[in-house]
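# Architecture at a glance
Here's the letter readout for the chains.
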Amino acid sequence: MHLLIVSCTPRAKEKSNTDKILDELRKGYEYNGNTTETLYLLKLRT
């Protein structure tokens, strides 16, 4: 089964607590042979 995660966190990935939680979620989900994909919404400054 495939899990798609859409992250809307405003912080950079390396500073995001949300991303650390998602990393652990992905590890657990993929442990049983499932796949995951994470998309990040970015705000572009113009």
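Structural notes, computed from the coordinates. (Residues numbered from 1 in each chain as written. Predicted model: local features only at pLDDT ≥ 70, side-chain atom pairs only at ≥ 80, totals over all residues. Heavy atoms only, no water.)

### Examining the overall build of the protein
- A tally of helices and strands in the protein yields one helix and two strands.
- Along its sequence from the N terminus, the protein presents helices and strands in the succession β-α-β.
- On the principal axes, the C-alpha backbone points of the protein span a range of 40 × 20 × 10 Å.
- Sequence separation of 24 or more characterises 59% of the internal contacts of the protein that already satisfy a separation of 6 or more.
- When the accessible area of the protein is evaluated, it comes to approximately 4100 Å², of which 58% is carbon and sulfur surface.
- Considering the protein, the positive charge centre built from 8 side chains and the negative charge centre built from 6 side chains are found 10 Å apart. (Helix = DSSP H or I, 4+ residues; strand = E, 2+ residues; numbered from the N terminus. Contact = heavy atoms within 4.5 Å. Areas by Shrake-Rupley, 256 points an atom, 1.4 Å probe, with all protein chains shown as cover. Lys, Arg positive; Asp, Glu negative; His and termini not counted. Charge placed at Lys NZ, Arg CZ, Asp CG, Glu CD.)

### Examining the pattern of salt bridges
- According to the stated counting rule, one finds two salt bridges in the structure shown.
- With its nearest N and O atoms 2.1 Å apart, the salt bridge here joins Arg26 to Asp23. Pair noted here: Arg26 and Asp23 are both in helix α1 (residues 17-30), with a separation of three residues, about one helical turn.
- The exposure class assigned to Arg26 is buried, which follows from its relative accessible area of 12%.
- As a salt-bridge pair, Lys27 and Glu24 come within 3.2 Å of each other at their nearest N and O atoms. (Salt bridge = Lys/Arg side-chain N within 4 Å of Asp/Glu carboxyl O. Buried < 20%, exposed > 50% of the residue type's maximum accessible area, 1.4 Å probe, protein only.)

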